[in-house]
Amino acid sequence: MRILLPTLLLGLAAPLVAQEPESPRFRIAAGLGGGYFDYDTDGSNLDGDTDAGFFRLQFEGTSKSGFGGGLRLESYGSDDDLFVDQGFTASEASNGALFAHFTYRFEQHRFAMPVRIGLMLNGLTLEEQTTGNESTYGSAGPYFELAPEITVARRGAVRWSFYGEFGVGVGGTRAEFDGDNNEYDSATAFLGLELGTRLQLSAFEIGIAYLGRWQSMDESDPENGLVALGYDAQFQGLLITLGVVF
């Protein structure tokens, strides 16, 4: 794997002196963002980058004791001029991910940190604009995430905080290409990073953050003498979120 799974993240999960929240906690949020998408193919000059848009929906609930779970759905899509600068047919990329997870929420005074572990499903598709041919990469596997948040100011029903989300995962991958009857098996590593700030007004919340999503697939196992080349793909951009916390 070319993405290094940082051992520093695991260190953040060391036991904390936890304080139970006063009541169960539920959060529903949506996010919209924009940035750029970059794709590099191993052993080929099929590389490119272009603008991309991002969308997210998520729900998470935890009990008074801190245990719970949630769902997060993310999707991004690029403009249709991917690979043009390298002389290839114009293409566009789309990616969808579903993260279903268990949660344990540590909380201590002004510090809280949900720890999430669960299953991630991810699908990346590259589509040629002239032919409609698609290359699809479907992955499934475990994903682990830490989400520390520090409250820097609080007055009445108003709360201002800074937060981060650090996630790593790995999954088995099936690659398929239009016009090729073979199915190629490989593995993909995933890395997620989000750094931002949130302002909560009573039950309503607004936030802004930097968002990064990276994935790296190894070259596949041979199939009838052929392989699917490995790749590195990333989205980086700015995310605005709106949510309800109760």
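From a predicted model like this one, the values you see are computed outputs, not experimental measurements. For every chain, the first residue of the written sequence is number 1, and numbering continues from 1 along that sequence. Residue-level local features of this predicted model are given only where pLDDT is at least 70; pairs of side-chain atoms are given and counted only at 80 or more, and the full residue set underlies all totals for whole chains, interfaces and linings. With hydrogens and water excluded, all non-hydrogen atoms of the structure serve as input to the side-chain values.

### Here's the deal with the overall build of the protein chain
Logical step 1: The number of helices and strands found in the protein chain is 1 helix and 11 strands.
Logical step 2: Principal-axis analysis of the C-alpha atoms places the extent of the protein chain at approximately 60 × 30 × 25 Å.
Logical step 3: Every one of the 246 residues in the protein chain was classed for burial, and the buried ones make up 43%.
Logical step 4: In the protein chain, once contacts between residues fewer than 6 apart in sequence are set aside, the share between residues at least 24 apart is 63%. Under the scheme used here, helices are H or I runs from DSSP no shorter than 4 residues and strands are E runs no shorter than 2 residues, and both carry numbers assigned from the N terminus. Between buried and exposed lies partly exposed: a residue is buried under 20% and exposed over 50% of the maximum accessible area for its type, with that area taken using a 1.4 Å probe on protein chains only. The contact criterion used throughout is that any non-hydrogen atoms of two residues lie within 4.5 Å.

### Overview of the nonpolar core
Logical step 1: Nine residue types can take part in a nonpolar core, namely buried Ala, Val, Leu, Ile, Met, Phe, Trp, Tyr and Cys, and a core is a set of them joined through side-chain atoms within 4.5 Å. Core analysis: the largest hydrophobic core is formed by 20 residues, its most contacted members being Phe37, Tyr39, Leu124, Leu126, Tyr137 and Tyr231.
Logical step 2: Breaking this core down by element, the ones donating at least two residues are β1 (25–41), β2 (48–62), β5 (111–128), β10 (204–217) and β11 (231–245).
Logical step 3: Take this core: its biggest share by element is 4 residues, from β11.
Logical step 4: Once you skip the residues sitting within four places of it in the chain, leucine 126 turns out to touch Tyr39, Leu82, Phe83, Glu92, Ala93, Asn133, Glu134, Ser135 and Tyr137.
Logical step 5: Membership of the second largest hydrophobic core comes to 6 residues, among which are Met113, Val115, Leu146 and Val168.

### Some remarks on unusual backbone geometry
Logical step 1: Notably, serine 202 is not glycine yet its phi reads approximately 60°, a positive angle.
Logical step 2: By the secondary structure assignment, serine 202 is in the loop between β9 (180–201) and β10.
Logical step 3: Positive phi values are uncommon outside glycine, yet asparagine 224 reaches one of about 55°.
Logical step 4: Position of asparagine 224 relative to the elements: it lies in the loop between β10 and β11.

### Observations regarding the pairing of strand β8 (residues 158–177)
Logical step 1: Of the pairings in the sheet, the one linking strand β6 (residues 134–146) to β8 comprises 10 bridges and is antiparallel in character. Paired with glycine 138 across the strands is arginine 174, a residue of β8.
Logical step 2: Here, a strand pair is defined by DSSP locating no fewer than two bridges between the strands. For strand β7 (residues 149–155) and β8, the ladder comprises 6 bridges, and the chain directions are antiparallel. Its bridge partner lying in β8, threonine 151 is registered against serine 161.
Logical step 3: Relative to β9, β8 is paired through 19 bridges, and the arrangement is antiparallel. Looking at the pairing, arginine 174 lines up with aspartate 185 of β9.
Logical step 4: What sits between β8 and β9 in their antiparallel hairpin is a turn of 2 residues, with glycine 179 showing a positive phi close to 85°.

### Structural notes on the packing of aromatic side chains
Here the distance between the centres and the angle between the planes together describe a pair of aromatic rings.
Logical step 1: Between 30 and 60 degrees the pair is tilted, below 30 it is stacked and above 60 it is edge-to-face, where a pair is any two Phe, Tyr or Trp rings, Trp via its six-membered ring, whose centres lie within 6.5 Å. Going through the model one piece at a time under the given rule, you end up with 16 aromatic pairs.
Logical step 2: Where phenylalanine 67 meets tyrosine 104, the ring centres are 4.6 Å apart and the plane angle is 55°; that geometry is what we call tilted. Of this pair, phenylalanine 67 sits in strand β3 (residues 67–78) while tyrosine 104 sits in strand β4 (residues 91–108), and the two are 37 residues apart along the sequence.
Logical step 3: Here, a charge over a ring means that NZ of Lys or CZ of Arg falls within 6 Å of the ring centre while also lying within 35 degrees of the ring normal. Residue placement shows arginine 198 over the ring face of tyrosine 163; its charged tip is 3.7 Å from the ring centre.

### Quick notes on the pairing of β2
Along any regular strand the residues' side chains alternate between the sheet's two faces.
Logical step 1: In terms of strand pairing, β1 meets β2 through 15 bridges, oriented antiparallel. Looking at β2, one finds that tyrosine 39 is bridged to glycine 48.
Logical step 2: Hairpin remark: β1 followed by β2, antiparallel, with 6 residues in the connecting loop; positive phi at glycine 43, about 70°.
Logical step 3: Taking the residues between adjacent antiparallel strands as the criterion, β2 and β3 are bridged by 4 residues, where glycine 66 takes a positive phi near 100°.

### Here's the deal with the pattern of salt bridges
Logical step 1: One side-chain nitrogen of Lys or Arg within 4 Å of one carboxyl oxygen of Asp or Glu is enough to make a salt bridge. Under the counting rule described, the total for this entry stands at 17 salt bridges.
Logical step 2: Across the pair arginine 116 and glutamate 145 runs a salt bridge, and its minimum N-O distance is 2.7 Å. Here glutamate 145 lies in strand β6 and arginine 116 lies in strand β5, a separation of 29 residues in the sequence.

### Looking at a nonpolar patch on the surface
Logical step 1: Here the term patch refers to residues with relative accessible area over 30% and no salt bridge, with like charges joined within 9 Å and nonpolar side chains (Val, Leu, Ile, Met, Phe, Trp, Tyr) within 5 Å. For the area figures, the Shrake-Rupley method with a 1.4 Å probe applies, and any residue is considered shielded solely by the protein chains shown. Taken together, the side chains of Ile150, Val152, Val158, Trp160, Phe162, Leu199, Leu201, Ile206, Ile208, Leu238, Ile240 and Leu242 make up a nonpolar region of the molecular surface, amounting to roughly 1,000 Å² of accessible area.
Logical step 2: Elements represented by at least two residues in the nonpolar patch include exactly β7, β8, β9, β10 and β11.
Logical step 3: Within the secondary structure, leucine 238 sits in strand β11.

### Here we look at the environment of valine 152
Logical step 1: Mapped onto the elements of the fold, valine 152 is located in strand β7.
Logical step 2: With relative accessibility at 39%, the residue valine 152 sits in the partly exposed group.
Logical step 3: Spatially, the C-alpha atom of valine 152 lies 7.5 Å from that of arginine 110, the residues being 42 residues apart in sequence.
Logical step 4: In contact with valine 152, not counting residues within four places along its chain, are Arg110, Trp160, Ser161 and Phe162.

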